[in-house]
Amino acid sequence: MPKSEATPTRPCLLLLDGHSLAYRAFYALPEENFSTTTGQTTNAVFGFTSMLVNVLRDEQPTHVAVCFDRSEPTFRHEEYADYKANRSASPDSFRSQMSLIYEMLDALRVPHLSLAGYEADDLIATLATQAAGQDMNVLVVTGDRDALQLVDDRVTVLMTRVGISNMTRFTPEAVLEKYELTPAQYPDFAAIRGDSSDNLKNIPGVGEKTAAKWIREFGSLEELVNRIDEVKGKVGDKLRDHLDQVLMNRRLTQLMRDVPLEREVSALTIGQGDREEINKILDTLEFRGELRDRLFKTLASAEPEVEEGFEVEAVRLGPGEVAGWLRALPEGRAGLAFKGAYGSGTGRIDSIAVAAPDGPGAGGGRSAAFIDPTTLTEADETALRAWLGDESRPKAVHDAKGPMLALWAQGMELRGLTCDTALAAYLAMPGQRTFLLEDLVRAYLQRELRGEAETGGQASLFDDEDDDTARELGLRALAVRELADALEAFLEPRGGTHLMREVELPLVTVLAELERAGIAADGDYFSGLEAEFGAAVKQAVEAAHAAVGEQFNLGSPKQLQEILFVRLNLPKTKKTKTGYTTDADALAWLAAQTEHELPTIMLRHRDQAKLKVTVEGLVKEIADDGRIHTTFNQIVAATGRLSSEKPNLQNIPIRTVEGRRIRQGFVVGPGYETLLTADYSQIELRIMAHLSGDESLIAAFESGHDFHKTTAARVFDIEPEQVTGEMRAKIKAMNYGLAYGLSDFGLAGQLNIPVQEAKALKEEYFEEFGGVRDFLNAIVAQARQDGYTETIMGRRRYLPDLNSDNRQRREMAERMALNAPIQGSAADIIKVAMLNVQSAVKEAALGSRMLLQVHDELVFEVALGELETLRELVTDRMNAAYSLRVPLEVSVGVGRTWEDAGH
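**Focus: the packing of helix α1 (residues 18-28) against helix α2 (residues 43-59)**
Here's step 1: Orientation of α1 relative to α2, taken along the N-to-C sense of each, is 120°, at an axis distance of 7 Å. When the axis of α1 is compared with that of α2, the two are oblique. Considering how the two elements wind past one another, α1 and α2 form a crossing that is right-handed. Together, G18, L21, A22, A25 and F26 of α1 and N43, A44, G47, F48 and M51 of α2 make up the contact between the two elements.
Here's step 2: For the contact of α1 with α2, a count of residues per class yields seven nonpolar, three polar and no charged.

The following block contains the structure:
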């Protein structure tokens, strides 16, 4: 999509057809991949925002407006009652996102307009005409071909072709090349062609080629009508028979250029975006880093107006100068910044900056030293190692785990860490998805991450102006030191400092130790498994081809739709803009509805393909030591749970045969006796019983029988032995669903039952467990009053949307309020357990070590002769992590592989 040449000094107005683009985004991005943990679909918001950011970045307009349709009838409906009558209602999951798109635009300060009685196209045509008349360039972004009539020397149309990223640029020359018509002739051509999407009838038997030929031959529709008798043959008769329809089409196709708008073009500037508000919306919608980073890089106007930087007196320490500078540091906390590379349980430190504590000496609190590890003398290295490892010298670091691993790899240790500013910011606002130092400095210090000279310009920290790394690192170290104080002051009245100091901060070191240890992987086994899954994929492809008697691309939804619904004439699934859906749920439904084997084969193909990709990823991550070193994320999940990446070891399926086969490839390493796994039994449900105080639920646990069968017996008022597998499954889904804020709709989908039946089931459940109902109601009510929920250890999750006027956002927040205290408390407990176990292992001087944390499970590598000692130690310390009314229960398993150690 190359950008057309334009006069650099001429302003440019960007106009976007809001509904058209949002609708395309909705159908371009799969719903199942874009939804929040509370069930809110977000594909249209994500796609629309992504497209908007890309166009703003590529086109750099000076003015912008997004125009939307309204639900009220337009003047076109008054003339033609069946205008657009053939369109089906928009899906609920699309309509629920429109208000979120409006909120996003408001936060970005991007103007958006709509007017009763007119379509977005008419607003666009009016604004484009006004802007061109004011010597502005105009760019129109839409999926509606009617906009081509606006194209001229000032107005260019960017037409979406496939999805939301592929666009065609229509200038007058491009329109002429594609249609052999001028933009002015396009609506005449469209009137003859008709438009099925608007329910504008065509002339039977007259296609686009004939319509274009007539307009080229006669020059215009008006001239064609004047000379209509010159059109001979059957097509001429059809034209004359349907002339009234064509003329009406022409009137309805013509875009209005004089809509009475209240806003002038000059007012359509991109405003000063509210960065905090933008982050809040992105966090609520659970959009992670890539879109956020792209957005803020593109929208310079979203930056807050912060003038002040940091006054820094920086020095570059040469050989022999490090020891003396460190000795001269005053008492107090220093700020540290590192530059290097981290990952897979190791790392490399290229440079270090130390910002002196705020006190007398060494620059009076403004001093920052830059250290290049490659230039250190032996005395320097000894002094630096001693200072970094000195527990009594407090230090602040931003995102410390990576540097900690790198320092270990270089024979040094980081101790005395009293604040990790990324971690502190996460505890302050756990709903955020990124915690960049630059953003936190603006938010909590109201300053820019740059040097401040006396003149107000960029300070030069070194004589060498090209030394960007040294300059930046010195600034970052000072910013970290000051930010640590600000974040601790913010957390203290909110009860967050105890959680940071006693749980999260010590856990940084434990997680780094787990990453450094890694877990042994059987490379040959995984390679064989990869080949096996690959063969299964190939076999499924061949079976699918044989089942239909022809070859086709199993990865092409369009080809699969053709095979399933045209060639085989199978029952139709949910209709989408691109045809009948072929997602996993649709294929499972088809497999149950028909005896044809293709849907089942397709499901098998997709499952095997996913498994193959999973194993391929694991093979790539096996390090030279034969172990996989995952990276644990401590500041991602708003509930406090840990996650992992590269690879994601928490996402390996455990309930399927294939998933268990993957776990079989994780083995005990050389020099160790066995693997040991320990996990909490039904911890969320025990927490719910504890927090709710529901005596019936507590009694179900105390009975010692199958918990889900016992609760099912109470709900259905029968003896436990009368509970069927189906009954138990329903109540198990209910038990866990309530702990995760599951709605009636969500429960219905999970159990594949009607929503009304799910609602009735929930009511039956609450009749027996009224304490649970009262507890869940009280959570939301209290959170609405306080603005946050809280776990048993004081972890808060702030939910301002509980009082939002937007129903979708309010309901999302309510589901989060139900979920956060229970899942967050479970996260607190497993973290305390990890700290307790790791401390006990070291106190006992055991050679065994903790390797992984996967939700409620810990995995250990047991040294020779230590099995019973470790089993007892782990069980005791995990049980003692927290005292609940329903005691914690730990299950332990042992085996050569992760799967064998399961239980």
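**Describing the packing of aromatic side chains**
Here's step 1: As enumerated under the stated definition, the model contains 19 aromatic pairs in all.
Here's step 2: Where F26 meets F94, the ring centres are 5.5 Å apart and the plane angle is 70°; that geometry is what we call edge-to-face. Within this pair, whereas F26 is found in helix α1, its partner F94 is found in helix α4 (residues 92-108), the two being separated by 68 residues in sequence. The same class applies to F26 as to F94, namely buried.
Here's step 3: Centroid distance F68 to Y102: 4.9 Å. Interplanar angle 90°. Geometry classified as edge-to-face. Here the residue F68 occupies a position in the loop between β2 (63-67) and α3 (75-79), and Y102 occupies one in helix α4, the gap between them amounting to 34 residues.
Here's step 4: An aromatic cluster of at least three residues, connected via ring pairs, comprises Y23, F26, Y27 and F94.
Here's step 5: Here the basic side chain of R494 rests over the ring of F490, its NZ or CZ set 3.7 Å away from the ring centre.

**Comments concerning helix α23 (residues 584-593)**
Here's step 1: Those residues of α23 lying buried are A586, L587 and L590. With its buried residues spanning 95° around the axis, α23 presents them on a single face. Turned more than 90 degrees away from the buried face of α23 sit D585 and A592, all of them exposed.
Here's step 2: The inward-facing, buried residues of α23 abut α22 (557-567) and α24 (598-620).

**Digging into unusual backbone geometry**
Here's step 1: Residues K646 and P647 are joined by a peptide bond in cis, for which omega reads -5°.
Here's step 2: Turning to its location among the elements, P647 is positioned in the loop between β18 (643-645) and α25 (657-663).
Here's step 3: Its identity is not glycine, yet D135 carries a phi of approximately 65°, on the positive side.
Here's step 4: Summarising the element assignment, D135 is placed in the loop between α5 (120-133) and β4 (137-142).
Here's step 5: A positive phi angle, near 60°, is found at H855, a position not held by glycine.
Here's step 6: Tracing the sequence through the fold places H855 in the loop between β23 (849-854) and β24 (857-863).
Here's step 7: The class for H855 is partly exposed, based on a relative accessible area of 30%.

**Points about the packing of helix α7 (residues 186-193) against helix α11 (residues 243-253)**
Here's step 1: Their axes nearest at 8 Å, the elements α7 and α11 cross at an angle of 130°. With respect to their mutual orientation, α7 and α11 come out oblique. Here α7 runs over α11; the crossing is right-handed. The segment α7 lies against α11, with P187, D188, A190, A191 and I192 engaging V246, N249, R250 and T253.
Here's step 2: Of the residues contributing to the contact of α7 with α11, the split by class is five nonpolar, two polar and two charged.

**Some thoughts on the sheet that holds strand β8 (residues 334-343)**
Here's step 1: Here six strands make up an open sheet; going across it, the order is β7-β10-β9-β8-β11-β12 and the pairing mixed. At either end of the open sheet lies a strand with only one pairing partner, and these are β7 (313-316) and β12 (417-420). Along the sheet, successive strands turn relative to each other by an average axial angle of 30°, direction set aside.
Here's step 2: As paired elements, β8 and strand β9 (residues 346-355) share nine bridges and run antiparallel to each other. Along β9, the bridge assignment pairs G343 with T346.
Here's step 3: Its contacts with the sheet put helix α17 (residues 421-428) on β11 (395-397) and β12, and the angle it makes with β12 is roughly 55°.

**A short note on the environment of W214**
Here's step 1: Of note, W214 is situated in helix α8 (residues 208-218).
Here's step 2: Sequence separation between W214 and F189 is 25 residues, and the spatial gap between their C-alpha atoms is 8.3 Å.
Here's step 3: If we ignore the near neighbours within four places in the chain, the residues touching W214 are I192, I203, V206, G219, L224, V231, V235 and L239.

**Looking at the sheet that holds strand β13 (residues 519-521)**
Here's step 1: A sheet is described by the order of its strands in space; here three strands give the open sequence β16-β13-β19, paired in antiparallel fashion. Each edge of the sheet is formed by a strand with only one pairing partner; in this case those strands are β16 (627-628) and β19 (666-667).
Here's step 2: Relative to β16, β13 runs antiparallel, the two sharing two bridges. If you follow A520 over to β16, its bridge partner there is R627.

**Examining the state of the cysteines**
Here's step 1: If you walk through the whole model with that rule in mind, you get zero disulfides.
Here's step 2: No disulfide involves C12; its nearest neighbouring cysteine sulfur is the one of C67, lying 14 Å away.
Here's step 3: Note on C12: relative accessible area 12%, which makes it buried.

**Focus: the environment of F48**
Here's step 1: Its place among the elements puts F48 in helix α2.
Here's step 2: Given a relative accessible area of 2%, F48 falls into the buried group.
Here's step 3: Along the chain, F48 and T875 lie 827 residues apart, while their C-alpha atoms are 50 Å from each other.
Here's step 4: Those residues in contact with F48 that sit more than four places away from it in its chain are G18, L21, A22, A25, V66, I101 and L105.

**What to know about the pattern of salt bridges**
Side-chain pairing between opposite charges can occur once the charged atoms of the two side chains come close.
Here's step 1: The final tally for this structure, using the stated rule, is 45 salt bridges.
Here's step 2: One salt bridge connects E119 with R76, and the closest N-O pair in it is separated by 3.1 Å. One end of the pair, E119, is in the loop between β3 (112-113) and α5; the other, R76, is in helix α3, and 43 residues separate them in sequence. For the pair E119 and R76, one class covers both residues: buried.
Here's step 3: Here E230 and R227 are joined by a salt bridge, their closest N and O atoms 3.0 Å apart.
Here's step 4: By relative accessible area, which is 30% here, R227 ends up partly exposed.
Here's step 5: Counted as one network, the salt bridges with shared partners bring together E504, R795, D828 and K831.

**Things to note about the side chain of S696**
Here's step 1: Inspection of the secondary structure puts S696 in helix α27 (residues 695-702).
Here's step 2: Those residues in contact with S696 that lie beyond four places of it in its chain are R714, E768 and F769.

**A closer look at α17**
Here's step 1: Within α17, eight of the eight residues are buried, which leaves it mostly tucked inside the rest of the structure.
Here's step 2: Buried residues of α17: T421, A422, L423, A424, A425, Y426, L427 and A428, and no others.

**With respect to the nonpolar core**
Across soluble globular proteins, you tend to see nonpolar side chains buried next to one another.
Here's step 1: Membership of the largest hydrophobic core comes to 168 residues, with the highest contact counts inside it found for I662, F666, Y680, Y765 and M878.
Here's step 2: Considering every element that reaches this core, the biggest residue donor is helix α33 (residues 807-843), with 15 residues.
Here's step 3: The contacts of M878, once residues within four sequence positions are left out, are A678, D679, Y680, I830, A833, V837, L858, L888 and V890.
Here's step 4: Ranked by size, the runner-up nonpolar core spans 51 residues in total, among them A120, L150, V155 and A191.

**Focus: the confidence of the model for the protein chain**
Here's step 1: Residues with a pLDDT of 70 or more make up 93% of the protein chain, whose mean pLDDT is 86.
Here's step 2: Mean pLDDT across the elements of the protein chain ranges from a minimum in strand β14 (residues 575-576), with 72, to a maximum in β11, with 98.
Here's step 3: Across residues 1-8, where pLDDT falls below 50, the model places 13 contacts with residues more than four positions away in sequence or in other chains.

**A short note on the environment of A337**
Here's step 1: Looking at the element boundaries, A337 is found in strand β8.
Here's step 2: We classify A337 as buried; its relative accessible area is 7%.
Here's step 3: Filtering out sequence-adjacent residues up to four positions away, A337 remains in contact with S351, I352, A353, L473, R476 and A477.

Calculation notes
- Residues numbered from 1 in each chain as written.
- Predicted model: local features only at pLDDT ≥ 70, side-chain atom pairs only at ≥ 80, totals over all residues.
- Heavy atoms only, no water.
- Axes fitted to C-alpha atoms, helices over the stretch in contact; angles between N-to-C directions.
- Helix = DSSP H or I, 4+ residues; strand = E, 2+ residues; numbered from the N terminus.
- Parallel < 35°, antiparallel > 145°, perpendicular 65-115°, else oblique.
- Left-handed = near helix turned anticlockwise from the far one by under 90°.
- Contact = heavy atoms within 4.5 Å.
- Nonpolar A, V, L, I, M, F, W, Y, C, P; charged D, E, K, R; others polar.
- Phe/Tyr/Trp six-rings, centres within 6.5 Å; stacked < 30°, edge-to-face > 60°.
- Buried < 20%, exposed > 50% of the residue type's maximum accessible area, 1.4 Å probe, protein only.
- Lys NZ or Arg CZ within 6 Å of the ring centre and 35° of its normal.
- Arc of directions from axis to C-beta.
- Pairing = 2+ DSSP bridges.
- Disulfide = S-S within 2.5 Å.
- Salt bridge = Lys/Arg side-chain N within 4 Å of Asp/Glu carboxyl O.
- Core = buried A, V, L, I, M, F, W, Y, C linked by side-chain atoms within 4.5 Å.
- pLDDT = per-residue confidence, 0-100.

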